[in-house]
Amino acid sequence: MDTIDTIVFGDNQFFGINHMSQEKAQQLAEKFFDIENIYNVYRLALDAGVRAVMLNSNDRAKEICEHFRDNASKYPSLNWYPSIPYPHKYANLVAEKGIFPAINEVLFKDNSARKVMGMITKGSAAVVTKDAVKLMQLLIDVEMKMFKGLDVKVVFLQNIITDLILGYGLMDIFYEYCEYIRKKYDALPGLITQNMPYLKQKFEDWGITKVVICASYNKIGYLMSPDVESYEKAAQQNNPYDYQLMAMSTLASGAVPAREAYDFINQQNLQSVVFGASSKRNIDETVSLINLAG
């Protein structure tokens, strides 16, 4: 299995996401309303040596991807880690237009006539036959269009979808997702979850390997189910050849100081960290502190 990047630069800070402070979230949203400020922070991360980017497939991501494609000569080579789908985008669309107009909006807009007919044919078959796998593949293709032309290394399924499928024990959906990402996009399949030990155990039981698992991982158990000890045990016993583990929320939304956080993280059997920051100082500090032992 291809080795993932040790350090990946995330994007929550760009879209007003802070789980601990609504005030901080609002400040970030205002700061990055001007997309040029987003590009400036990316430049800081690249100057610090980061060569991998995780990006949620929200509305602004399309513009970000276009910027990097159009200005490829100005940037070093980057590995991209799309995270799909962006749930708020679909929730807002359904609330605004209703379920069936939303489906039409998502699946069939912005395509040439030939592509529209092809997608409608495939999409209709999925709806009529209730073929969840075909519908899943179609939705993946819609989400991944914005990343075309970029060097995609891992395609992550968002935790709200991962954990829903996991809760229902739908092994076939996970299997087909992983196979589709490998074959169609020549990338590693990734899963974001809030219960890494359980997801990893179920994948072992099902024989689904060669995937990347991303989960919150910090010393206080923030967004970690069931507890820190279970994560440490699962990581310690893990074979990275089968499951590469990526840590997110390492600072627990600011509850743990950076040096303390990475003293803990660096002792775990982890292969990667994804972090978000918006200042040169925090970016440089985080990159210098990450020294994974796993």
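Description of the structure in this document. (Residues numbered from 1 in each chain as written. Predicted model: local features only at pLDDT ≥ 70, side-chain atom pairs only at ≥ 80, totals over all residues. Heavy atoms only, no water.)

### Considerations on helix H2 (residues 35-47)
Quick reminder: α-helices carry 3.6 residues per turn. Residues three or four places apart thus point the same way. Look at H2: 19 Å from first C-alpha to last across 13 residues, which is about the 18 Å you get at 1.5 Å a residue. In the core, the buried residues of H2 are packed alongside strand E1 (7-9), strand E2 (52-56), helix H3 (59-70) and helix H13 (280-289). Sitting at the head of H2, Asp-34 places a side-chain oxygen 3.0 Å from the backbone nitrogen of Glu-36. The first or second residue beyond H2 is Gly-49, which carries a positive phi of 105°. (Helix = DSSP H or I, 4+ residues; strand = E, 2+ residues; numbered from the N terminus. Expected span 1.5 Å × (residues − 1). Contact = heavy atoms within 4.5 Å. Polar contact = N/O pair within 3.5 Å; in protein donor to acceptor, adjacent residues only side chain to side chain.)

### Looking at the packing of H2 against H3
Think of two packed helices as two axes; the pair is described by the angle between the axes and how far apart they sit. Orientation of H2 relative to H3, taken along the N-to-C sense of each, is 55°, at an axis distance of 11 Å. When the axes of H2 and H3 are compared, the pair comes out oblique. In the packing of H2 onto H3, the handedness of the crossing is right-handed. Where H2 abuts H3, its residues Ile-35, Ile-38, Tyr-39, Tyr-42 and Arg-43 lie against Arg-60, Glu-63, Ile-64, His-67 and Phe-68. (Axes fitted to C-alpha atoms, helices over the stretch in contact; angles between N-to-C directions. Parallel < 35°, antiparallel > 145°, perpendicular 65-115°, else oblique. Left-handed = near helix turned anticlockwise from the far one by under 90°.)

### Structural notes on the packing of aromatic side chains
With the rule as written, the count across this model stands at 15 aromatic pairs. Arranged with centres 6.1 Å apart and planes meeting at 45°, the rings of Phe-203 and Trp-206 form a pair that is tilted. One end of the pair, Phe-203, and the other, Trp-206, are both in helix H10 (residues 196-206), 3 residues apart, so they sit about a helical turn from each other. Under the relative-accessibility criterion, Phe-203 is labelled buried at 0%. One aromatic cluster is present, built from ring pairs that chain together Phe-9, Phe-14, Phe-15, Tyr-42, Phe-68, Tyr-75, Trp-80 and Phe-275. (Phe/Tyr/Trp six-rings, centres within 6.5 Å; stacked < 30°, edge-to-face > 60°. Buried < 20%, exposed > 50% of the residue type's maximum accessible area, 1.4 Å probe, protein only.)

### Examining the pattern of salt bridges
A full pass over the atoms with the stated rule returns 7 salt bridges. Two residues, Lys-184 and Asp-141, come together in a salt bridge whose shortest N-O distance is 3.2 Å. One end of the pair, Lys-184, is in helix H9 (residues 171-185); the other, Asp-141, is in helix H7 (residues 132-144), with 43 residues separating them in the sequence. Asp-141 sits in the buried class, given a relative accessible area of 15%. Its salt-bridge partner being Asp-242, residue Lys-210 comes within 3.5 Å of it at the nearest N-O pair. Of this pair, Lys-210 sits in the loop between H10 and strand E6 (211-216) while Asp-242 sits in the loop between helix H11 (228-236) and strand E7 (243-248), and the two are 32 residues apart along the sequence. Note on Lys-210: relative accessible area 22%, which makes it partly exposed. Taking the relative accessible area as the measure of exposure, Asp-242 reaches 21% and is therefore partly exposed. Taken together, the shared-partner salt bridges connect Glu-179, Arg-182 and Lys-183 into one network. (Salt bridge = Lys/Arg side-chain N within 4 Å of Asp/Glu carboxyl O.)

Just geometry here; none of it tells us what the structure is for.
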